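# Structural features, examined
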Amino acid sequence: MLLNIRDATMASQVIQDIVTRHGKLNGLVNNAGGQFMSPASQLTSKGFSTVVDLNLNGTFNMCKAAFDGYMGEHGGQIVTIVAETRNGIPRAMHTGAARAGIINMTKTLAIEWGPYNGIRINCVAPGLIISSGMKNYHETMVDLLAHSHWMNPTSRYGTESEVSASVAFLLSPAASYINGVNLEVDGGSSLSKGNPEGDELKYNPEGSRHPVYVGWPEGVDNVHGIKQVDAPAKINELLEKYKAIGRSSKI
Ligand SMILES: CCCCCCCCC/C=C/C(=O)SCCNC(=O)CCNC(=O)[C@H](O)C(C)(C)COP(=O)(O)OP(=O)(O)OC[C@H]1O[C@@H](n2cnc3c(N)ncnc32)[C@H](O)[C@@H]1OP(=O)(O)O
Ligand SMILES: NC(=O)C1=CN([C@@H]2O[C@H](COP(=O)(O)OP(=O)(O)OC[C@H]3O[C@@H](n4cnc5c(N)ncnc54)[C@H](OP(=O)(O)O)[C@@H]3O)[C@@H](O)[C@H]2O)C=CC1
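Residues numbered from 1 in each chain as written. Chains lettered and ligands numbered in written order. Predicted model: local features only at pLDDT ≥ 70, side-chain atom pairs only at ≥ 80, totals over all residues. Heavy atoms only, no water.

### Some words on the nonpolar core
- Ile15, Leu25, Met71, Ile78 and Trp113 are the most contacted members of the largest nonpolar core, which has 21 residues in total.
- Sorting the residues of this core by element identifies α1 (8-22), α2 (45-74) and α3 (93-113) as the ones contributing at least two each.
- Take this core: its biggest share by element is 8 residues, from α2.
- If near-sequence neighbours (up to four positions away) are discounted, Leu25 is found in contact with Ile15, Ile18, Val19, Ala66, Tyr70, Met71 and Gly75.
- Judged by nonpolar contacts, the second largest core, of 14 residues, contains Met134, Tyr157, Val214 and Ala231. (Core = buried A, V, L, I, M, F, W, Y, C linked by side-chain atoms within 4.5 Å. Buried < 20%, exposed > 50% of the residue type's maximum accessible area, 1.4 Å probe, protein only. Helix = DSSP H or I, 4+ residues; strand = E, 2+ residues; numbered from the N terminus. Contact = heavy atoms within 4.5 Å.)

What follows is the structure, encoded as structure tokens:
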């Protein structure tokens with residue numbers, strides 16, 4: 001099923017197709033999104049609009065389609081992946097603005113849609129994650145990333161599994177009284193005060209001592225298997241390292 005979330009008509013059509021095929025729509029996860037890197041001073045109006053359209057308008061299109069097509073009548077759970085935006089996102093101001101918009105939209109929808117059969121809607125805000133998305137960035141950026149992970153308080157980046165686990169939690173009855181929140185999944189990086197230069201001892205360049213979660217238990221189709229992360233070699237190297245930490249850690 002092809003879907004461009006920027007197209008409201010297509011969003012409605014896809015939701016209708018799902019409801020027709022399965023008879024219900026229990027949950028919606030808005031994961032699609034992205035941006036290009038650019039300092040704000042070089043960003044054009046069109047570039048800004050493009051990223052806002054994808055992330056903010058696209059998420060609205062999907063939420064509205066799910067509400068109109070099923071959830072307004074039957075309830076359901078919605079989780080949107082945003083990005084950690086606590087201190088803005090230098091060189092990605094457009095996406096920071098769009099994601100902050102989604103977080104606020106989520107709060108309003110939680111209030112307005114809660115009465116509709118208990119719809120719950122929340123956000124998950126990842127910090128830097130070793131993911132397929134890294135292939136979209138320039139080599140120099142990937143290089144920088146591959147050597148900067150120790151600046152995170154956990155001395156590592158996150159994994160796709162760790163984001164997925166938060167999404168699964170928010171969709172599940174375990175989160176039945178959680179509504180309108182933005183759950184940061186960033187290892188505490190948003191709390192750090194920026195570049196730790198001159199303060200390195202607080203960090204651990206040797207590697208992480210925090211447990212790491214990579215991959216769900218092997219399933220029939222292993223849909224969340226880390227083998228499927230199609231990222232640049234340097235990023236996959238990091239992932240292999242995290243796998244080793246994971247094996248030696250009690251989680
Ligand atoms: C890891 C780092 C941590 C840094 C922190 C980053 C944020 C937190 C971490 C997040 C990580 C991730 O999200 S990882 C996920 C990564 N995946 C992605 O980002 C997917 C990337 N791609 C896309 O979604 C799309 O291609 C998207 C960027 C929205 C562009 O959509 P379109 O194809 O419709 O747009 P285009 O036609 O190409 O371009 C439209 C206009 O946008 C502008 N534009 C487009 N590309 C441009 C570019 N490279 N530089 C300047 N400007 C550009 C121009 O003005 C274009 O107009 P013209 O000049 O007229 O052509
Ligand atoms: N990796 C990270 O560090 C972080 C990621 N995020 C966010 O997490 C989410 C997942 O990213 P990640 O897995 O890393 O990267 P990916 O680039 O692998 O995932 C982005 C997905 O969005 C889809 N997409 C983009 N535009 C559209 C559209 N118009 N309609 C439908 N689908 C679209 C892409 O589909 P296709 O492949 O077909 O183009 C792709 O599957 C994104 O929203 C990302 O911005 C947030 C913070 C940090």
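On we go from here.
### Details of the packing of aromatic side chains
- All told, the structure shown has 2 aromatic pairs when counted by the stated rule.
- Taken together, a centroid distance of 4.9 Å and an interplanar angle of 75° make the contact between Phe67 and Tyr116 edge-to-face. Here Phe67, found in helix α2, pairs with Tyr116, found in the loop between α3 and β3 (120-126); they are 49 residues apart in sequence, far enough to count as distant.
- We classify Phe67 as buried; its relative accessible area is 14%.
- Classification of Tyr116 by relative accessible area gives partly exposed; the value is 39%.
- Put simply, the rings of Phe67, Trp113 and Tyr116 pair up and form one aromatic cluster.
- The ring of Tyr242 carries the charged tip of Arg156 above its face, separated from the ring centre by 5.9 Å. (Phe/Tyr/Trp six-rings, centres within 6.5 Å; stacked < 30°, edge-to-face > 60°. Lys NZ or Arg CZ within 6 Å of the ring centre and 35° of its normal.)

### Quick look at the packing of α1 against α2
- Between α1 and α2, the least distance of the axes is 9 Å, while the angle of their chain directions is 40°. With respect to α2, the axis of α1 lies oblique. In the crossing of α1 with α2, the sense of the turn from one axis to the other is right-handed. Residues Ala8, Ala11, Ser12, Ile15 and Val19 of α1 form the contact with α2, whose participating residues are Asn61, Met62, Ala65, Ala66, Gly69 and Tyr70. (Axes fitted to C-alpha atoms, helices over the stretch in contact; angles between N-to-C directions. Parallel < 35°, antiparallel > 145°, perpendicular 65-115°, else oblique. Left-handed = near helix turned anticlockwise from the far one by under 90°.)

### A short note on the environment of Asp53
- You can see Asp53 is positioned in helix α2.
- Note on Asp53: relative accessible area 25%, which makes it partly exposed.
- Sequence separation of Asp53 and Tyr213 is 160 residues, and the distance between their C-alpha atoms is 33 Å.
- Those residues within four positions of Asp53 in sequence are excluded, and the remaining contacts are Arg6 and Gly58.

### Here we look at the site of ligand 2
- Not every one of the 22 residues close to ligand 2 is listed here, only the nearest: Asn4, Arg99, Ile129, Ser131 and Ser132.
- Measuring from a nitrogen atom of ligand 2, one finds a backbone N or O atom of Leu3 at 3.4 Å.
- At a separation of 2.8 Å, an oxygen atom of ligand 2 approaches a polar backbone atom of Asn31.
- Each residue belonging to the shell around ligand 2 can be placed in one class, and the counts come to 11 nonpolar, 9 polar and 2 charged. (Near = heavy atom within 4 Å. Polar contact = N/O pair within 3.5 Å; in protein donor to acceptor, adjacent residues only side chain to side chain. Nonpolar A, V, L, I, M, F, W, Y, C, P; charged D, E, K, R; others polar.)

### Some details on the site of ligand 1
- In the vicinity of ligand 1, 17 residues are found, and the nearest of them are Arg6, Gln35, Thr44, Lys46 and Asn136.
- Here an oxygen atom of ligand 1 and a side-chain polar atom of Arg6 are 2.9 Å apart.
- Gln35 is positioned with one of its side-chain polar atoms (N or O) 2.8 Å from an oxygen atom of ligand 1.
- For ligand 1, the protein covers 60% of the area, taking 1,200 Å² as the surface of the free molecule.
- Of all the elements in the fold, those that place two or more residues in the shell around ligand 1 are α2 and α4 (139-146).
- The biggest single contributor to the shell around ligand 1 is α2, with 4 residues.
- Its residues assigned to classes, the shell around ligand 1 comprises 8 nonpolar, 7 polar and 2 charged. (Areas by Shrake-Rupley, 256 points an atom, 1.4 Å probe, with all protein chains shown as cover.)

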